[in-house]
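One letter stands for each residue in the lines below.
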Amino acid sequence: MIRSVITGCGSYSPERVMKNTDFEGIVETSDEWIVQRTGIRQRHIAAEGETTADLAEKAAREAMADAGVTAADLDLIILATSTPNNTFPATAVEVQHRLGMDHGAAFDSQAVCTGFIFALTTADQYIRTGFAKRVLVIGAETFSRILDWEDRSTCVLFGDGAGAVVVESSEQAGTNGDRGILTAHLRSDGAHKDKLYVDGGPSSTGTVGYLRMEGREVFRHAVAMIADVIEAAYAATGLTSRDLDWFVPHQANKRIIDASARKLGIDPSKVIITVDRHGNTSAASIPLALCEAVGDGRIKRGDLVMLEAMGGGFTWGSLLLRW
Ligand code: ACO
């Protein structure tokens, strides 16, 4: 059967690093509070004029070089973001143009922090139906642009960045031993739309707006929703937490990650953590973490890797793959 195999990985974080202590004088907070509640120690912040498309392009070029492909080899680009350069056109077409790709198609996908899982699952569907052979999937965000820098309960949590993967069609045996995406599960429930949202938009206020969040409510739902989609992946494959080599969660909050791993019986040594250095980069967080663990040799060919995320909407999803 046809499987979607990740053949290249790339990432980019803006040069400017903002440490927790840099918030002193901006809002009433402390390094101790932020580290204890979230595990975040620093985040990268895009330079003035540096856009989501800039970050996305850099991550994309690295992923394409890693996969050994050029723009001519791609059929499709899917870019997950909630912070596009413009309301339209899609940031994906800007990246498509910059990469010199004048064939195929490019579009954005919007599922906030679950964006990369939604985009990668969409790519998998296109590949498995034969619609595309080689897809570039990017998660890129400049959340610093939608933060209310006077709201200490949100501005300390997020950062900017981008990650990208090249996904290719590959004929496999159709077993759990296959390389590539084995199963993916997506969920959303708009009943929770007011718990994490941006209070602006072209059709409502005519402004960009700022991120608003009921942090405690998000926290209360997160672990159960993450467990829900991971258990769906286990039910679909017959695999369990014991079979996993690596767990690459969305990097929102170390406490949510630890609680999810504990609930699912995933050994802490198998959990990839970057939230301490990146903060929550929304759709970029999973590919940033994945690329780091592939780059430093932790994730190796044949390893079983579970990706998961939960975010605004609420949206949540899991994706199980063999590297
Ligand atoms: N520094 C110091 N004090 C703060 C700060 C801050 N940066 N932010 C809030 N506080 C204060 C609050 O004002 C409150 O004070 P009060 O008791 O005097 O009213 C106190 O700290 C406790 O506030 P809580 O909101 O109850 O703090 P909590 O322990 O829940 O931690 C947090 C807050 C970190 C936001 C937590 O709720 C959380 O992690 N929630 C999940 C949020 C998240 O991860 N969102 C992203 C996931 S979804 C996505 O990725 C888009």
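Heads up: the structure comes first, above all this text.
Residues numbered from 1 in each chain as written. Predicted model: local features only at pLDDT ≥ 70, side-chain atom pairs only at ≥ 80, totals over all residues. Heavy atoms only, no water.

Draft legend 1. A look at the overall build of the protein chain. When helices and strands are counted, the protein chain shows 9 helices and 13 strands. Taken over the C-alpha trace, the protein chain has a radius of gyration of 18 Å; the compact-globule value for 323 residues is 20 Å, and the two agree within 12%. Principal-axis analysis of the C-alpha atoms gives the protein chain an extent of 55 × 45 × 40 Å. Within the protein chain, the fraction of its 323 residues that count as buried is 56%. In the protein chain, 76% of the contacts between residues at least 6 apart in sequence involve partners at least 24 apart. Surface exposure of the protein chain reaches about 13,300 Å², of which carbon and sulfur atoms provide 48%. Averaging the locations of the 32 positively and 42 negatively charged side chains of the protein chain gives two centres separated by 5 Å. (Helix = DSSP H or I, 4+ residues; strand = E, 2+ residues; numbered from the N terminus. Rg over C-alpha atoms; globule rule 2.2 N^0.38 Å. Buried < 20%, exposed > 50% of the residue type's maximum accessible area, 1.4 Å probe, protein only. Contact = heavy atoms within 4.5 Å. Areas by Shrake-Rupley, 256 points an atom, 1.4 Å probe, with all protein chains shown as cover. Lys, Arg positive; Asp, Glu negative; His and termini not counted. Charge placed at Lys NZ, Arg CZ, Asp CG, Glu CD.)

Draft legend 2. Structural view of the packing of aromatic side chains. Under the criterion given, the structure shown has 4 aromatic pairs. Pairing Phe 107 with Tyr 126 gives two aromatic rings, centres 6.3 Å apart and planes at 65°, and the pair type is edge-to-face. With Phe 107 in strand E5 (residues 105-109) and Tyr 126 in helix H4 (residues 115-128), this residue pair connects regions lying 19 residues apart in the sequence. The partly exposed category is assigned to Phe 107, whose relative accessible area is 26%. For Tyr 126, a relative accessible area of 25% corresponds to the partly exposed category. Here the aromatic rings of Tyr 126 and Phe 131 are separated by 4.9 Å at their centres, their planes lie at 45°, and the arrangement is tilted. The exposed category is assigned to Phe 131, whose relative accessible area is 61%. Aromatic ring contacts, followed pair by pair, group Phe 107, Tyr 126 and Phe 131 into a single cluster. (Phe/Tyr/Trp six-rings, centres within 6.5 Å; stacked < 30°, edge-to-face > 60°.)

Draft legend 3. Structural detail: the packing of helix H6 (residues 215-237) against helix H7 (residues 254-264). Contact geometry for H6 and H7: axes closest at 10 Å, N-to-C directions at 45°. In terms of orientation, H6 and H7 fall into the oblique class. The two elements H6 and H7 cross, and the hand of that crossing is right-handed. Counting all contacts with H6, which are made through Phe 219, Ala 222, Val 223, Ile 226, Ala 227, Ile 230 and Glu 231, the residues of H7 involved are Arg 255, Ile 256, Ala 259, Ser 260, Lys 263 and Leu 264. Split into classes, the residues belonging to the contact of H6 with H7 amount to 9 nonpolar, 1 polar and 3 charged. (Axes fitted to C-alpha atoms, helices over the stretch in contact; angles between N-to-C directions. Parallel < 35°, antiparallel > 145°, perpendicular 65-115°, else oblique. Left-handed = near helix turned anticlockwise from the far one by under 90°. Nonpolar A, V, L, I, M, F, W, Y, C, P; charged D, E, K, R; others polar.)

Draft legend 4. Seen up close, the sheet that holds strand E7 (residues 160-171). Pairing within the open sheet is mixed, and its 5 strands lie in the order E1-E7-E6-E4-E5. Single-partner strands in this sheet number two, and they are strand E1 (2-12) and E5. Adjacent strand axes in the sheet meet at a mean angle of 20°, parallel and antiparallel pairs treated alike. Here strand E6 (residues 134-142) runs beside E7; their pairing, made up of 9 bridges, is antiparallel. Across the sheet, the residue bridging to Val 135 is Val 167, located in E7. (Pairing = 2+ DSSP bridges.)

Draft legend 5. A look at the site of the ligand. Thr 29, Arg 37, Cys 113, Arg 216 and Asn 253 are the nearest of the 22 residues found near the ligand. Here an oxygen atom of the ligand sits 2.5 Å away from a polar atom, N or O, in the side chain of Arg 37. At 2.5 Å, a side-chain N or O of Arg 216 approaches an oxygen atom of the ligand. Considering the ligand on its own, with 1,000 Å² of exposed area, one finds that the protein chains cover 76% of that surface. Taken together, the elements giving at least two residues each to the shell around the ligand come down to helix H1 (31-38), helix H5 (152-155), H6 and strand E12 (304-311). Of the residues forming the shell around the ligand, the biggest block, 4 residues, is contributed by H6. Looking at the shell around the ligand residue by residue, the classes come out as 10 nonpolar, 8 polar and 4 charged. For the shell around the ligand, the domains that each give at least three residues are domain 1 (2-171) and domain 2 (180-322). (Near = heavy atom within 4 Å. Polar contact = N/O pair within 3.5 Å; in protein donor to acceptor, adjacent residues only side chain to side chain. Domains from an automatic or database assignment.)

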